Amino acid sequence: MTRIPVAQVWFFRDIQRAFGKGVDPEVLIEVLLKFVLIAGPLVMIFVVWRYWDKVVFFGTRAYNMKKFKPIRTCIAKHLKKRVTLEVYVVGAKAQQFIGRATVTKFGKKRLSVGFVTEVPNALSRVITGKRIICYCKPFKVGGKRINSFYTYILRTQPGVAGIKSAIMYTPADYIDTVRRSTARKRLGQAGAVRVKLWGAAKKEKFTVLAPDFETVEQDDKSSWKAGTKVVNISAGGLKLEVHPKRGMVQPKVNEQVVLEVMILNPSKSTFSKFILIGALRNVARPPSGTVYLGIQFLSLGERTGSRTVKWQTIKDEVPEIAKLLG
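Residues numbered from 1 in each chain as written. Predicted model: local features only at pLDDT ≥ 70, side-chain atom pairs only at ≥ 80, totals over all residues. Heavy atoms only, no water.

1. Here we look at the pattern of salt bridges
This model, assessed by the stated rule, comprises four salt bridges. With its nearest N and O atoms 3.0 Å apart, the salt bridge here joins Asp-212 to Lys-202. In this pair, Asp-212 sits in the loop between strand 9 (193-198) and strand 10 (213-214) while Lys-202 sits in the loop between strand 9 and strand 10, placing the two residues 10 residues apart along the sequence. On the basis of relative accessibility, which here comes to 16%, the residue Asp-212 falls in the buried class. (Salt bridge = Lys/Arg side-chain N within 4 Å of Asp/Glu carboxyl O. Helix = DSSP H or I, 4+ residues; strand = E, 2+ residues; numbered from the N terminus. Buried < 20%, exposed > 50% of the residue type's maximum accessible area, 1.4 Å probe, protein only.)

2. Quick notes on the state of the cysteines
Counted by the stated rule, this structure contains zero disulfides. Between Cys-136, a free cysteine, and Cys-134, which holds the nearest cysteine sulfur, the sulfur-to-sulfur gap is 8.8 Å. The class of Cys-136 is buried, set by a relative accessible area of 11%. (Disulfide = S-S within 2.5 Å.)

3. Re the pairing of strand 13 (residues 256-265)
Among the 10 residues in strand 13, eight count as buried, and that is most of the element. With six bridges connecting them, strand 9 and strand 13 associate as antiparallel partners. The residue bridging Val-193 from the neighbouring strand is Ile-263, located in strand 13. The pairing of strand 13 with strand 14 (residues 270-284) spans 10 bridges and is classified as antiparallel. Looking at the pairing, Leu-259 lines up with Leu-276 of strand 14. The loop that links strand 13 with its antiparallel partner strand 14 comprises four residues; one of these, Ser-269, has a positive phi angle of about 55°. (Pairing = 2+ DSSP bridges.)

4. So, helix 3 (residues 52-67)
The terminal C-alpha atoms of helix 3 lie 22 Å apart, and with 16 residues this matches the ideal 22 Å at 1.5 Å per residue to within 8%. Those residues of helix 3 lying buried are Phe-57, Arg-61, Asn-64 and Met-65. Along the axis of helix 3, the buried residues cluster in a sector spanning 100°; they form a single face. Each element contacted by the buried residues of helix 3 is listed here: helix 4 (69-79), strand 5 (144-158) and strand 6 (163-169). (Expected span 1.5 Å × (residues − 1). Arc of directions from axis to C-beta. Contact = heavy atoms within 4.5 Å.)

5. Some words on helix 4
When we look at burial in helix 4, the residues that qualify are Arg-72, Ile-75, Ala-76 and Leu-79. Axial view of helix 4: buried residues confined to an arc of 100°, hence all on one face. In helix 4, the exposed positions that point more than 90 degrees away from the buried face belong to Pro-70 and Lys-77. In the core, the buried residues of helix 4 are packed alongside helix 3, strand 1 (84-90), strand 2 (95-106), strand 4 (131-141), strand 5 and strand 7 (174-175).

6. Describing a positive patch on the surface
There is a patch of like positive charges on the surface, built from Lys-66, Lys-69, Lys-108, Lys-109, Arg-110 and Arg-155. Lys-66 sits in the exposed class, given a relative accessible area of 76%. (Patch = residues over 30% accessible without salt bridge, like charges linked within 9 Å, V, L, I, M, F, W, Y side chains within 5 Å. Areas by Shrake-Rupley, 256 points an atom, 1.4 Å probe, with all protein chains shown as cover. Lys, Arg positive; Asp, Glu negative; His and termini not counted. Charge placed at Lys NZ, Arg CZ, Asp CG, Glu CD.)

7. Looking at the confidence of the model for the chain
In the predicted model, the chain carries a mean pLDDT of 82, and the fraction of residues at 70 or more is 83%. Note on residues 219-225: pLDDT is under 50 here. Beyond four places in sequence and across chains, it has eight contacts. (pLDDT = per-residue confidence, 0-100.)

8. What to know about a nonpolar patch on the surface
Together, Val-43, Met-44, Phe-46, Val-47, Val-48, Trp-49, Tyr-51, Trp-52, Val-55 and Val-56 give the surface a local cluster of nonpolar side chains, amounting to about 1,000 Å² of exposed area. Where the nonpolar patch is concerned, the elements lending two or more residues are helix 2 (25-50) and helix 3. With six residues, helix 2 is the largest single contributor of residues to the nonpolar patch. Note that Trp-52 resides in helix 3.

9. Topic: unusual backbone geometry
Phi at Arg-82 is positive, roughly 55°, even though this residue is not glycine. Residue classification places Arg-82 among the exposed positions, given a relative accessible area of 55%.

10. Description of the side chain of Thr-117
Along the chain, Thr-117 turns up in the loop between strand 3 (110-115) and helix 5 (124-127). A polar side-chain atom of Thr-117 sits 2.8 Å from the main-chain amide nitrogen of Arg-100. (Polar contact = N/O pair within 3.5 Å; in protein donor to acceptor, adjacent residues only side chain to side chain.)

11. Section: the environment of Gly-294
Looking at the element boundaries, Gly-294 is found in strand 15 (residues 291-303). Distance from Gly-294 to Asn-282, taken between C-alpha atoms, is 4.6 Å for residues 12 residues apart in sequence. Filtering out sequence-adjacent residues up to four positions away, Gly-294 remains in contact with Leu-238, Ala-279, Leu-280, Arg-281 and Asn-282.

12. With respect to the pairing of strand 5
Here strand 4 pairs with strand 5 via eight bridges, running antiparallel. Each bridged residue has a counterpart across the sheet, and for Arg-131 the counterpart in strand 5 is Tyr-152. Where strand 4 folds back on strand 5, the antiparallel hairpin that results is connected by two residues, among which Gly-142 adopts a positive phi of roughly 60°. Where strand 5 lies against strand 7, two bridges are found, and the strand directions are antiparallel. By the bridge assignment, Ser-148 is partnered in strand 7 with Ile-175. By the bridge criterion, five bridges tie strand 5 to strand 6 in an arrangement that is antiparallel. Its bridge partner being in strand 6, Thr-156 is matched across the sheet by Ala-166.

What follows is the structure in structure tokens.
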């Protein structure tokens, strides 16, 4: 049996008495006051819960603006020196890359940035009002290492080729964010790492389908044009430079792809092959048409048949790759 709270029973009785024999102003005011006392705190709790992130953001910012004013001024001066920012929208499970920008104006409560990479105007509605994180090259102020900050986008200004600029709140705090758990290594020898990549649409049947991208030797005269270059690699992921053909499905952030990675073993002068499932954590599209993919390794595969693969989840990195990379 459901029990009605005593406070609620009293509240309904007061309403019945107030309107049963006409409206007495004193009784009506008393009922309304009780309603405010009961509903008011509930509404406030809901508002604080719903906008908790922004409440913390503005509260922290107000405190830091007073306590760390000299340091924040130094940081603002540094960021105004055409420092490139990588802008990401913060989602529940991942961060989506939007584009690169530089600070054009830095005020007390707001700052303006101009995008230096192409950002479609269609993203304006998506990113307005959203929480973002901006990364930059690490620098030190007051003995503290800084490479990022969180804030919110207020509005954007569209341009002919894409979003031209954006206005956002000045950050609540400047922090040092660890961007990856394993260090990426640039390749010292051309061709030391070769990659084939199957997109999300071919993930389930990659064993019988041609890859969407693969590294091509410079002297290869085949008709394959969607070439791939490995920019850097670690035991936990890699960065690729790809050149899509016209009409190809463009890679998207958080999509899962299948990779066949071949790494040269210097001691044996042979290649070690790895089949991996990766997630696209970063997709950058400069105006040149080249696409850069930042991929995190999720699972390591082992062939159990001509068309079957057994997958094992990767915690942080692949130990076998770590040994090959030194």
